[in-house]
Amino acid sequence: MNRQMTCGTSSISFQNPVFVQSCASVVSRKEGEGPLGAYFDTICEDPMFGTDTWEAAESTLQKQAALLAIKKNGLTCSDIQLLFAGDLLAQTSASSFGTADLKIPFYGLFGACSTMGESLSLGSMCIDGGYGKYILCATSSHFASAEKEFRFPLGYGNQRPFSATWTVTGSGACILSTSPPGEKAPLRSGKGCAAITGLTAGRVMDYGLRDSMNMGGCMAPAACDTIARSFSDFGRTPSDYDAVFTGDLGIIGQKILLDLLEEQNIRLSPIHKDCGILIYDNPSQDTHAGGSGCGCSAVVLASYILPKIVSGEWKRILFVPTGALLSKVSFNEGDSIPGIAHGVVIEHMEV
């Protein structure tokens, strides 16, 4: 059967909604002390998560989030056909080591902090294409492992500029399915549930920025591009959404995004929210421009956004995780830091 699913230049509209069966969020103490602390499933006081290294800690928290999402749905690992997951570390090592014991067929992803949008997009396309009944999408980040990977050892004690963000220690996981969650499932309120109805694939945008301490500035052009194309492809305006969430632009990146969209006559400020701004309380938590990392948008989605969609408080949102494609090699050779953002349309559904 020939189905026309593509919209405009780079978007997909699903004729059959892809349902979010369950989700889970695992964070550490600093995130638990923030404004969204009451929403997270698990808050671990030990940033090492009982392990000996920062990298093992990140693997552990991603595994915890994945298993919790599976358990919430009353499933086992053998029920999951595919796993799309990634992180910030080289060779996606946090995901590889973290999910190896699950024995689920695995595709490792790298979209930097946009990885949750990438995994949800690929998972949704596979569900709609009939390539699985249950697909697990997950990602993670850890403050210490990211600082070690991309910036300075923590013991160096360097000062961070105001434009810098704080990498979230956390992992979010979602299970997608062809059918809605059961009547007693956590992501079900009466007849209401959350479903992915469309997506807009991100494009790599490079404005020549070379400041590794200003990720918001590097990512804002990509967020602008994806949001504008999504509105155009679906024939919508900001008034068609209750909220548009970016991943981790932070305070500086948010301002740049809103200015760039204003140049295209798109006034997003009344409905725009940024996960990096929501997750920490500034200035009391001293995270400067806000939160960042793969886990930032993932845990905010799983803990805060999806339940509000399920309840019907929000009928339709655009979820746009943002990523700075920072390579240590190219950066040290003087190259710029491109950005990317993937858009996912999530709606309240009555079933």
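Residues numbered from 1 in each chain as written. Predicted model: local features only at pLDDT ≥ 70, side-chain atom pairs only at ≥ 80, totals over all residues. Heavy atoms only, no water.

### A short note on the overall build of the chain
- A tally of helices and strands in the chain yields 10 helices and 16 strands.
- The C-alpha radius of gyration computed for the chain amounts to 19 Å, which stays within 12% of the reference 20 Å derived for 351 residues, consistent with globular compactness.
- Here the C-alpha coordinates of the chain stretch approximately 55 × 50 × 35 Å along the principal axes.
- Residue burial in the chain is summarised as follows: out of 351 residues, 61% are buried.
- In the chain, the proportion of contacts linking residues at least 24 apart, taken out of those at least 6 apart, comes to 77%.
- Total accessible area on the chain stands at roughly 13,700 Å², and carbon and sulfur atoms take up 52% of it.
- Side chains of the chain carry 25 positive and 34 negative charges; the gap between the two charge centres is 6 Å. (Helix = DSSP H or I, 4+ residues; strand = E, 2+ residues; numbered from the N terminus. Rg over C-alpha atoms; globule rule 2.2 N^0.38 Å. Buried < 20%, exposed > 50% of the residue type's maximum accessible area, 1.4 Å probe, protein only. Contact = heavy atoms within 4.5 Å. Areas by Shrake-Rupley, 256 points an atom, 1.4 Å probe, with all protein chains shown as cover. Lys, Arg positive; Asp, Glu negative; His and termini not counted. Charge placed at Lys NZ, Arg CZ, Asp CG, Glu CD.)

### Overview of the layout of surface pockets
- There is about 210 Å³ of room inside the largest pocket.
- Residue lining of the largest pocket: 13 residues in total, with Ser28, Arg29, Lys30, Pro47 and Thr169 positioned closest to the centre.
- Looking at the lining of the largest pocket, the elements that each hand over two or more residues are α1 (29-32) and α5 (143-150).
- For the lining of the largest pocket, the element with the highest residue contribution is α1, accounting for three residues. (1 Å grid on protein atoms, 1.4 Å probe; cavity = no way out; pocket = protein on both sides within 12 Å on 5 of 7 lines; lining within 4 Å. Points joined across faces, edges and corners; volume = space filled by probe spheres on them.)

### Focus on the pattern of salt bridges
- The full count for this structure, using the stated rule, is eight salt bridges.
- Aspartate 41 is paired through a salt bridge with lysine 72; the nearest N and O atoms lie 2.9 Å apart. Of this pair, aspartate 41 sits in the loop between α1 and β3 (42-44) while lysine 72 sits in helix α2 (residues 54-72), and the two are 31 residues apart along the sequence.
- Aspartate 41 gets classed as partly exposed once you look at its relative accessible area, which sits at 35%.
- Here lysine 148 ties to glutamate 55 by a salt bridge, and the two come within 3.3 Å at their closest N and O atoms. With a gap of 93 residues between them, lysine 148 in helix α5 and glutamate 55 in helix α2 connect regions that are remote in the sequence.
- For lysine 148, a relative accessible area of 53% gives the class exposed.
- One salt-bridge network, held together by shared partners, links Arg203, Asp225 and Arg229. (Salt bridge = Lys/Arg side-chain N within 4 Å of Asp/Glu carboxyl O.)

### Considering the environment of serine 239
- With respect to the secondary-structure elements, serine 239 resides in the loop between α6 (215-234) and β10 (243-246).
- Sequence-wise, serine 239 and leucine 268 are 29 residues apart; in three dimensions their C-alpha atoms are separated by 9.1 Å.
- Among the polar contacts listed, one links the side chain of serine 239 to the side chain of threonine 237, at a separation of 2.7 Å. (Polar contact = N/O pair within 3.5 Å; in protein donor to acceptor, adjacent residues only side chain to side chain.)

### Some points on empty space enclosed by the protein
- A full pass over the atoms with the stated rule returns one cavity of 30 Å³ or more.
- There is about 160 Å³ of room inside the largest cavity.
- Lining the largest cavity are 15 residues, and of these Leu88, Cys113, Phe150, Arg151 and Met215 lie nearest its centre.
- Elements with a minimum of two residues in the lining of the largest cavity: α5 and α6.

### Description of the packing of α6 against helix α7 (residues 250-262)
- Two numbers describe how α6 lies on α7: the axes approach to 8 Å, and their chain directions differ by 40°. Seen along the crossing, α6 lies across α7 with a hand that is right-handed. In this structure, α6 contributes Gly216, Gly217, Ala220, Pro221, Ala223, Cys224, Ile227 and Ala228 to the contact, and α7 contributes Gly253, Ile256, Leu257, Leu260 and Leu261. (Axes fitted to C-alpha atoms, helices over the stretch in contact; angles between N-to-C directions. Left-handed = near helix turned anticlockwise from the far one by under 90°.)

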